[in-house]
Amino acid sequence: MTPLAPRLAESLNGALHRLFAERPGLHLLGEDVADPYGGAFKVTKGLSDRHPGRVLSTPISENGLAGVAAGLALAGDEVVAEVMFGDFAALVFDPVLNLISKSVTMYGRRLPMPVVLRCPVGGRRGYGPTHSQSVQKHFIGMPNLALYELSPFHDPYGLLAHALDHGPALLFEDKVLYTRRAYPDGVVDEHFRHSLVGDASGWAHVTPVDGAAPDVVLICPGGVAHRALAAAHLLRDQGVTAHLLIPGRLYPVDIAPVLPVLERPALVAVAEESTAGGTWGSDIAALVYERLWPRLRAPVLRLSSADSIIPAARHLEDRVLLGERHIAEAVAERLGTIATGAAVVAGPVVTPVAESVVEPVDAAPPLAVPFVVPKLNNNDTHYLVTCWLAEDGARVEAGAPLVELETSKAVEEIEAPAAGYLRISADAGTEVEVGAVIAELHELAPPAHTAARSGAGGEAATTAGSGAGSAAPAQAAPAAEASQPAQSSPAAQSSPADRRTYVLDRVQRGTAAVVTRAHKEVPAAFTAVEVGVDALLDRLRLLSEESGAEVGVPEAVVKAVAAAHDRFAHLFGSLVDDRTVAVSEAPHVAVTIDAGRGLYTPVIRDCASRSITDIADDLMDFRMKAWRGGDFTTSELDGGTITISINTEADVVFVQPIVMWPQLCMLSVGGLRRQLALHDGVLATTTVVVLGLAYDHRVVNGAEAVAFLRAVADNLREPDRLDQLVA
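Residues numbered from 1 in each chain as written. Predicted model: local features only at pLDDT ≥ 70, side-chain atom pairs only at ≥ 80, totals over all residues. Heavy atoms only, no water.

We now examine the overall build of the protein. Within the protein, the regular secondary structure consists of 19 helices and 32 strands. Each of the 727 residues in the protein was classed as buried or not, and the buried ones make up 52%. Intrachain contacts of the protein at a sequence separation of at least 6 include 71% that bridge at least 24 residues. Within the structure as shown, the protein displays about 32,300 Å² of accessible surface, and the carbon and sulfur contribution to it stands at 54%. (Helix = DSSP H or I, 4+ residues; strand = E, 2+ residues; numbered from the N terminus. Buried < 20%, exposed > 50% of the residue type's maximum accessible area, 1.4 Å probe, protein only. Contact = heavy atoms within 4.5 Å. Areas by Shrake-Rupley, 256 points an atom, 1.4 Å probe, with all protein chains shown as cover.)

Structure below.
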């Protein structure tokens, strides 16, 4: 199996270690950059231990650390300084503008200023308005100051070395790249490849593997590269060929090496995450006009994020920040305008808030768009409408959250397929069939007397209920009232002073539905074993230090369970009927992740064939998504063949899990405990963890359950198996 490329955070860390070994005068400054913390994103991990005296954790003063960096450089040293979040680069603006950049030439002779300020930037991490901005544009045009940006196509060592040799400089690092892997050996995926034009800070050129000439060239900095690549795939599905150009150095930019690429397409587009106005993209567009005006077939398309602060909530953040769909739709629309020969006029910057569905001007819009229940997974034919996110009769926009549907695994939020006035035909609490029409989006507002519905007993609701294979309850509450207690209940009639209440959120209601079904349908049994994990913990600490990944007991248990698949494949299967078991070909392990009152069970695929560090990457991504509100795709929550319930808090002794239908087993992991034990007659402390297994007694007997648990335990504690586990 081809080894995976390192994550970019690991590559940056390796680049810094290499530079420190090569350059004895190099220093590192920043807040919390020294071990054991190693920086907010662990990029500086291990440097202070290996190079004591050259790594300094500074007070919380970006202005101060920039001034110290300038002083060290003027004294003949080299400096890499970390600004914890790029948003705080506003605090280094004064020393960068008036000291660091000016010192190169304001003393009568040219002085070297080998200072590089590293700035983590960008959103899509849920960090909110003051920790998510892309501030590159504010530093463009300062004399003597160079700007670089990390990308999955450029070697971090090459960028840092080039920046130190051509400093002073800022290196912008989009935070979403830290957990991503580089594209090695010129390969992107089965459809695209890449090559480097120029030196280490030159242009990465991404092209189709068949070498097809471009219809559009997308120019973007490294943080937007993955979104531009995803847009290129979307455009490819529409028959549009896209090339990508990603610079290692943003400013000063040398466009000459890529001019032959820019002469060929019907359209040149520049995509960046910053808001519009005085941007790097505008600078690039101006250069393209200057050099290629006679040969351009259309104005340069400039794509930026919305003119807004960046929200912390994921669904709002997605509406503000530039995404792949926005890029693909804007490019397709502009190419369509060019192809039809319509007059092309440079218009306003395209932003993500422009998400309305574009209809042909000569086509009459439909009077109503049906809202059809989508297929969300392969296990269910019916879903439960848990709640409507817009009121009946209300105006909704295309892409706005519309309804929550509960599957056997999760509660999914479904967006409106078009804009219009909502007319609901299946109330909250109704079970609906895949493919059923449960609402319509009308062009015209409903009459005032029908805008509000009185309940589920109406004709439309009854029809939808029967069409879904399940009639709606005769007295079901309307959608707008679904979360309120029934007025007939004694609790509802009591005063607020008598009691305190809260309404269960949608995630908890979804979890409750899954647990209820499991208890009703699965005759589960339970057994548990205790495992000593001292040797495991030592190996995991060493592996974490060597790899830069945060590898713990949960990752080890996932790998240990997957390693037992060969001997116990039927425990990873599912019941087809009362007498037939479908055996899984590979262990796809679901893990429980608690966030707030919610419980998520995302799936780690093909665990047996993947490294434990790769599994750690997936788990970290899942934890981030859960923390941000559960922004999981259906494919990430579907297809698990066994589930591990992770409950590793210190005081948890053991956990008795359920069996997640249609699976046959769920394994639980308790917290680490220190206890006294006799070893060769000597009393000593040891660390243990309890593994529990709930299993479907229709398929798995007690002896098999114990044997499976022992196999998992042996994978965690036996030296030879432990070697294979952490390889």
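Another point: the packing of helix H1 (residues 8-22) against helix H5 (residues 156-165). Taken N-terminus to C-terminus, the directions of H1 and H5 make an angle of 45 degrees; their axes are 8 Å apart at the nearest point. It follows that H1 is oblique to H5 by the angle criterion. Pair H1 / H5 crosses with right-handed handedness. Each of Ser 11, Leu 12, Ala 15, Leu 16, Arg 18, Leu 19 and Glu 22 in H1 lies in contact with H5, whose residues at this interface are Pro 156, Tyr 157, Leu 160, Ala 161 and Leu 164. Each residue belonging to the contact of H1 with H5 can be placed in one class, and the counts come to nine nonpolar, one polar and two charged. (Axes fitted to C-alpha atoms, helices over the stretch in contact; angles between N-to-C directions. Parallel < 35°, antiparallel > 145°, perpendicular 65-115°, else oblique. Left-handed = near helix turned anticlockwise from the far one by under 90°. Nonpolar A, V, L, I, M, F, W, Y, C, P; charged D, E, K, R; others polar.)

With the rule as written, the count across this model stands at 25 salt bridges. Across the pair Arg 181 and Asp 614 runs a salt bridge, and its minimum N-O distance is 3.2 Å. Highlighted residues: Arg 181 in the loop between strand S6 (169-174) and strand S7 (192-197) and Asp 614 in helix H16 (residues 612-627), separated in sequence by 433 residues. Between Arg 181 and Asp 617 there is a salt bridge; the shortest N-O distance is 2.4 Å. Here Arg 181, found in the loop between S6 and S7, pairs with Asp 617, found in helix H16; they are 436 residues apart in sequence, far enough to count as distant. Several salt bridges share partner residues, and in doing so they unite Arg 7, Glu 10, Arg 181, Arg 610, Asp 614, Asp 617 and Asp 618 into one network. (Salt bridge = Lys/Arg side-chain N within 4 Å of Asp/Glu carboxyl O.)

Okay, the sheet that holds strand S5 (residues 146-149) next. The strand order S2-S1-S3-S4-S6-S5-S11 describes an open sheet built from seven strands, whose pairing is mixed. Of all strands in the sheet, those bounded by a partner on one side alone are strand S2 (55-57) and strand S11 (249-251). Strand-to-strand twist in this sheet, taken as the mean axis angle between neighbours without regard to direction, amounts to 20 degrees. The pairing of S5 with S11 spans two bridges and is antiparallel. From the neighbouring strand, Leu 147 faces S11, where its bridge partner is Tyr 251. (Pairing = 2+ DSSP bridges.)

Core analysis: the largest hydrophobic core is formed by 59 residues, its most contacted members being Val 557, Val 561, Ile 644, Leu 667, Leu 691, Phe 708 and Leu 716. Once residues within four sequence positions are removed from consideration, Leu 691 is found in contact with Thr 527, Ala 528, Val 529, Val 531, Val 557, Leu 667, Ser 668, Val 669, Leu 709, Val 712 and Leu 716. With 46 residues, the next largest nonpolar core counts Val 83, Met 142, Leu 245 and Val 261 among its residues. (Core = buried A, V, L, I, M, F, W, Y, C linked by side-chain atoms within 4.5 Å.)

Turning next to the environment of Asn 63. Looking at the element boundaries, Asn 63 is found in helix H3 (residues 62-74). On the basis of relative accessible area, Asn 63 is assigned to the partly exposed category, the value being 37%.

Owing to its 3.6 residues per turn, the α-helix aligns residues three or four sequence positions apart on the same side. Taking 1.5 Å per residue as the helical rise, helix H14 (residues 534-547) with its 14 residues ought to reach 20 Å, and the 20 Å between its terminal C-alpha atoms agrees with that figure. Among the residues of H14, those classed as buried are Leu 536, Leu 537, Leu 540, Leu 543, Ser 544 and Ser 547. For H14, the arc enclosing every buried residue in end-on projection is 125 degrees, short of the 170-degree limit, so these residues lie on one face. The outward face of H14, more than 90 degrees from its buried face, is lined by the exposed residues Glu 545 and Glu 546. Along its buried surface, H14 packs onto H1, helix H15 (553-563), H16, strand S32 (682-696), helix H18 (702-717) and helix H19 (719-725). (Expected span 1.5 Å × (residues − 1). Arc of directions from axis to C-beta.)

Glancing now at the packing of aromatic side chains. Two numbers describe a pair of aromatic rings. These are the distance of the centres and the angle of the planes. Applying the stated criterion across every chain yields a total of twelve aromatic pairs. On the basis of an interplanar angle of 70 degrees and a centroid distance of 5.7 Å, the ring pair of Phe 41 and Phe 85 is categorised as edge-to-face. Here Phe 41, found in the loop between strand S1 (26-30) and helix H2 (47-50), pairs with Phe 85, found in the loop between strand S3 (78-82) and helix H4 (93-100); they are 44 residues apart in sequence, far enough to count as distant. Residues Phe 41 and Phe 85 agree in their burial class; the two are buried. Taken together through their ring pairs, the aromatic side chains of Phe 41, Phe 85, Phe 88, Tyr 127 and Tyr 178 make up a single cluster. Lying over the aromatic face of Tyr 157, Arg 18 brings its terminal NZ or CZ to 3.5 Å of the ring centre. (Phe/Tyr/Trp six-rings, centres within 6.5 Å; stacked < 30°, edge-to-face > 60°. Lys NZ or Arg CZ within 6 Å of the ring centre and 35° of its normal.)

A separate point is the confidence of the model for the protein. Model confidence for the protein is summarised by a mean pLDDT of 82, while 85% of its residues fall at 70 or above. Confidence over residues 341-366 falls short of pLDDT 50; this stretch has 38 contacts with residues more than four positions distant or in other chains. Across residues 448-499, confidence stays below pLDDT 50; counting only partners more than four residues off in sequence or on other chains, it has 61 contacts. (pLDDT = per-residue confidence, 0-100.)

Counted at 1.5 Å a residue, the expected span for H18 with its 16 residues is 22 Å, and the 23 Å between its end C-alpha atoms agrees. Listing the buried residues of H18 in full gives Ala 705, Phe 708, Leu 709, Ala 711, Val 712, Ala 713, Asp 714, Asn 715 and Leu 716.

With an omega of 10 degrees, the peptide bond between Asp 35 and Pro 36 qualifies as cis. Within the secondary structure, Pro 36 is located in the loop between S1 and H2. With an omega of 10 degrees, the peptide bond between Gly 167 and Pro 168 qualifies as cis. Phi angles above zero are rare outside glycine, and Lys 42 is one such case at about 65 degrees. Note that Lys 42 resides in the loop between S1 and H2. Although it is not a glycine, Asp 606 sits at a positive phi angle of roughly 45 degrees. If you trace the backbone, Asp 606 turns up in the loop between strand S28 (603-604) and H16.

Attention now goes to the sheet that holds S7. Reading across from one edge, S7-S8-S10-S9-S12-S13 is the order of the six strands in this open sheet, with mixed pairing throughout. Strand pairing shows two members of the sheet lacking a second neighbour, S7 and strand S13 (301-305), which therefore form its edges. Taken over all neighbouring pairs, the strand axes of this sheet differ in orientation by 20 degrees on average, direction set aside. Set on the sheet, helix H6 (residues 225-237) makes contact with S7, strand S8 (203-208), strand S9 (216-219), strand S10 (242-247) and strand S12 (267-275); between it and S10 the angle comes to about 170 degrees. Running over the sheet, helix H8 (residues 280-292) touches S8, S9, S10, S12 and S13 and is turned about 160 degrees from S12.

The next point concerns a nonpolar patch on the surface. Nonpolar side chains collect at one region of the surface, where Leu 74, Met 106 and Tyr 107 lie side by side and expose about 300 Å² of accessible area between them. Examined against the element boundaries, Met 106 turns out to sit in the loop between H4 and strand S4 (115-121). (Patch = residues over 30% accessible without salt bridge, like charges linked within 9 Å, V, L, I, M, F, W, Y side chains within 5 Å.)

The subject of this paragraph is the environment of Glu 585. As for its placement among the helices and strands, Glu 585 is situated in the loop between strand S24 (580-582) and strand S25 (589-591). Note on Glu 585: relative accessible area 81%, which makes it exposed. With 21 residues separating them in the primary sequence, Glu 585 and Asp 606 have C-alpha atoms 9.5 Å apart.

Glancing now at the pairing of strand S23 (residues 574-577). For a regular strand, side chains alternate in direction, first toward one face of the sheet and then toward the other. Looking at chain direction, S23 and S24 are connected through three bridges and run antiparallel. Residue pairing in the sheet places Ser 574 in a bridge with Ala 582 of S24. Here S23 folds back onto S24 in antiparallel fashion, the turn holding two residues.

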